[in-house]
2 protein chains.
Amino acid sequence: MNPAAVTQELLTAAELETRLRAVGEERYHHRHPFHQLMHEGSLGRGQLQAWALNRYYYQSIIPIKDAIILSRSDDSAFRRAWRRRIVDHDGDGTRPGGIEKWITLAQATGLDRERVMSTREILPAVRYAVDAYLHLVSRRSFLEAVASSLTEMFSRDLISLRVDRLRQHYPWLSDGLTYFDARLTQAPEDAKFALAWVTRRAGTRAEQELAIAALRAKCDILWAQLDSLYFSYVAPGWPPLGAFVPQLETMTL
Amino acid sequence: MNPAAVTQELLTAAELETRLRAVGEERYHHRHPFHQLMHEGSLGRGQLQAWALNRYYYQSIIPIKDAIILSRSDDSAFRRAWRRRIVDHDGDGTRPGGIEKWITLAQATGLDRERVMSTREILPAVRYAVDAYLHLVSRRSFLEAVASSLTEMFSRDLISLRVDRLRQHYPWLSDGLTYFDARLTQAPEDAKFALAWVTRRAGTRAEQELAIAALRAKCDILWAQLDSLYFSYVAPGWPPLGAFVPQLETMTL
């Protein structure tokens, strides 16, 4: 946060949205080289396995993260709106939720369900980044906890591109992509609610800057996961001891 | 932890020490390629700056970590023994402690004190790994919190080698190396106390396995910091936005 900002004028809603979108343009993980390799079809099956296996840990904590946010709200209208996120990821007992769909995607890459769900082989750095998200929503102000979800403002474009490119370059993955179908509508709706709430709730310029900084912190959390995947599975290609090791023949297609 | 271990026999003190030393042999960060580059003199000044600046964050939380451990003990003899660690790092008001000496090292690489102490430009992944250490000592059992300090069993050899090699390859750094001089005696004494305490306190095989796993977790925390430094400042050389960027002419010697 810019220390001078506390003495500055309140941003209008449009100005705040512009600032938030600039964070995404600059720092959201659509720019990360690991995603760029994926979208141009340069990742091998083993690298996609590493991605699916590691990102499972992120997916698995989403409802926990949302339950923490829920637990910090004293507004039943807010809680009702936010509750849907938990259902989206945990499912409703009849239709599979996002976590189950992510397991389906990991299975489509050729991994066993149990192996993925155990999280035994994820990169320590991915675990730390994901846990940092839980700490953010637990410990920072409620405004910052909610604002950190605003990366969903940027996910629709990335997911649209990803689904197209995965189908094109990795047709054997196609049956595993249902996770993304649902996210194409869920994420923008969730982002719309959260943006409106943050805009209303951030009543001072200092609070607006805190919200912007929280979004930046969340972008860092997503980015750091891909840095670690790139380091371990692309170049130099050094997974730490105990982490997932692709079979050699599946590293490249 | 090996799930079968809970039904296995208690290790003798010697067997436990052998198991702990095996963890260090396999996973301690003396094996990390970033350190290997440093020790062969292949890092440039900018890369040493990145190392000193990032590792400052780790150094800065050591007394916090030790205060958390202190706060979890109900044994005044333990607390007295452990208290020395805090003094070693924070200093006693007359002689500089480890944190101050680390700043001196960072200054010897050419960085400003304020820039280092702000931790503004550290890698997010370094922050997450270091924070994971704080979470470990806060949340896991007290036995695991203490056992995680046992990496000090391995630090003497690494520090001896490092000081020799830094003097040889980077003579302009020599005035900044007093941090390591003190650690050559402090770390082994601290490790001896902690090893004896863990050996006495781990009364079941399951507890012994937890202590071993805690040491492994700590090795992961040290290793992940160097992975991130390597990724951002060696290869491919992509620091995330906002992180420290060496001046081009100082990246290599």
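Everything that follows concerns the structure shown earlier in this document.
Everything in this summary refers to the structure shown in the same document. Quantities reported herein were computed from a predicted structural model and do not represent experimental measurements.

Each value, and the rule that gives it
Going along each chain's sequence as written, the residues are numbered from 1 onward. The naming scheme follows written order: chains are lettered A onward, ligands numbered 1 onward. Totals for whole chains, interfaces and linings use all residues, but because this is a predicted model, local features are given only for residues with pLDDT of at least 70 and pairs of side-chain atoms are given and counted only at 80 or more. Hydrogens and water are ignored here; the side-chain numbers use all heavy atoms of the structure. To get an axis, a line is fitted to the C-alpha atoms, and for a helix only the part in contact is used. The angle between two axes follows their N-to-C directions and goes from 0 to 180 degrees. By definition, any uninterrupted DSSP run of H or I lasting at least four residues is a helix, any uninterrupted run of E lasting at least two residues is a strand, and each is numbered from the N terminus. Each angle gets one of four labels, with under 35 degrees taken as roughly parallel, over 145 as roughly antiparallel, 65 to 115 as roughly perpendicular, and the rest as oblique. It is the rotation of the near helix from the far one that decides the hand of a crossing: anticlockwise by less than a right angle makes it left-handed, clockwise makes it right-handed. Note on contacts: a residue pair qualifies if any of its non-hydrogen atoms lie within 4.5 Å across the two residues. Residues are grouped as follows: Ala, Val, Leu, Ile, Met, Phe, Trp, Tyr, Cys and Pro are nonpolar; Asp, Glu, Lys and Arg are charged; every other residue, Gly included, is polar. When two components associate, each loses some accessible surface as probed by a 1.4 Å sphere; the sum of these losses over both components is called the buried area. Contacts described as polar in this section are N or O atom pairs within 3.5 Å, which, within protein, must combine one atom able to donate a hydrogen with one able to accept it, while residues neighboring in sequence count only if both atoms come from side chains. A least-squares fit on C-alpha atoms brings the copies together, and the residues used are those whose pLDDT is at least 70 in both copies. Any Lys or Arg side-chain nitrogen found within 4 Å of a carboxyl oxygen on Asp or Glu counts as a salt bridge. Relative accessibility thresholds used throughout: buried, under 20% of the residue-type maximum; exposed, over 50%; partly exposed, between the two (1.4 Å probe, protein chains only). Here the expected length of a helix is defined as 1.5 Å per residue gap, with one fewer gap than residues. Across the chain, bend at a residue is computed as the angle between axes fitted to the seven residues ending at that point and the seven starting from it. Aromatic pairs are defined between Phe, Tyr and Trp rings, using the six-membered ring for Trp, whenever the two ring centres lie within 6.5 Å; interplanar angles under 30 degrees are classed as stacked, those over 60 as edge-to-face, and all others as tilted. For a lysine, the NZ atom is tested; for an arginine, the CZ atom; a charge sits over a ring if that atom is within 6 Å of the ring centre and within 35 degrees of the ring normal.

Time to look at the packing of helix 3 (residues 45-71) of chain B against helix 4 (residues 76-90) of chain B. Residues and elements named next belong to chain B. Where helix 3 contacts helix 4, the two axes come as close as 9 Å, and the packing angle between them is 165°. The angle between helix 3 and helix 4 falls in the class roughly antiparallel. Read as a crossing pair, helix 3 and helix 4 show a hand that is left-handed. Contacts from Gln59, Ile62, Pro63, Lys65, Asp66, Ala67, Ile69 and Leu70 in helix 3 reach Phe78, Arg79, Trp82, Arg83, Arg85, Ile86, His89 and Asp90 in helix 4.

All names here are of chain A. Packing of helix 3 (residues 45-71) against helix 7 (residues 124-139) brings their axes to within 10 Å, and their N-to-C directions diverge by 10°. Relative to helix 7, the element helix 3 lies roughly parallel. Facing Asn54, Tyr57, Tyr58, Ile61, Ile62, Ile64, Lys65, Ile68 and Ile69 of helix 3, the residues of helix 7 in contact are Val126, Arg127, Val130, Asp131, Tyr133, Leu134, Val137 and Ser138. Across the contact of helix 3 with helix 7, the residue classes break down as 12 nonpolar, two polar and three charged.

Listed as interface residues are 24 residues of chain B and, on the opposing side, 24 residues of chain A. Taken together, both faces of the contact between chain B and chain A bury some 1900 Å²; the carbon and sulfur share is 70%. Interface area lost by chain B to chain A is led by Tyr128(B), Phe231(B) and Leu241(B), which between them contribute 32%. Along the contact surface separating chain B from chain A lie four residue pairs in polar contact (both at pLDDT 80 or more). Looking at the side of chain B that touches chain A, the elements with two or more residues in it are helix 1 (13-27), helix 7 (124-139) and helix 11 (205-233) of chain B. Top element by residues in the side of chain B that touches chain A is helix 11 of chain B. It accounts for eight residues. Taken together, the residues that form the side of chain B that touches chain A break down as 17 nonpolar, two polar and five charged.

With that settled, the discussion passes to the relation of the copies chain B and chain A. Taken as rigid bodies, chain B and chain A are interconverted by a rotation of 180° and an axial shift of 0.0 Å, the fit giving an RMSD of 0.0 Å. Here the transformation between the copies is reduced to the relation of a two-fold axis. When each C-alpha of chain B is compared by its distance to the rotation axis, Tyr128(B) comes out closest, at 2.6 Å. With an isologous cut-off of 70% or more, the 100% of interface residues of chain B that recur at the interface of chain A puts this contact in the isologous class.

Residues and elements named next belong to chain A. Here the structure, examined in full by the defined rule, presents 32 salt bridges over all chains. Its salt-bridge partner being glutamate 189, residue arginine 84 comes within 3.2 Å of it at the nearest N-O pair. Taken together, the residues arginine 84 in helix 4 (residues 76-90) and glutamate 189 in helix 10 (residues 178-201) connect sequence positions 105 residues apart. In this structure, the salt-bridge partner of aspartate 92 is arginine 95, at a minimum N-O distance of 2.6 Å. Take arginine 95: its relative accessible area is 60%, and that puts it in the exposed class. Through salt bridges with shared partners, one network takes in Arg19, Arg205 and Glu209.

Residue and element names in this part refer to chain A. Structurally, isoleucine 64 is set in helix 3. Given a relative accessible area of 44%, isoleucine 64 falls into the partly exposed group. In the structure, isoleucine 64 is positioned 182 residues away from proline 246 in sequence and 29 Å away in space, judged by C-alpha atoms.

Right, let's talk about helix 3 of chain A for a bit. Each α-helix winds once per 3.6 residues, and so residues spaced three or four apart point in a common direction. Residues and elements named next belong to chain A. If you check helix 3, its first and last C-alpha atoms are 40 Å apart, about what 27 residues at 1.5 Å a residue would give, namely 39 Å. The largest bend along helix 3 reaches roughly 35° and is located at isoleucine 62, with the proline proline 63 sitting one to four residues downstream. Taken across its 27 residues, helix 3 has 22 buried, putting it largely inside the fold.

The description of an aromatic ring pair uses the distance of the two centres, along with the angle that the planes make with each other. All names here are of chain A. Summed over the entire model, instances satisfying the criterion amount to 34 aromatic pairs over all chains. Through successive ring pairs, a cluster of aromatic residues spans Phe78, Trp82, Phe142, Phe193 and Trp197. Taking NZ or CZ as reference, arginine 85 lies 3.7 Å from the ring centre of tryptophan 82, over its face.

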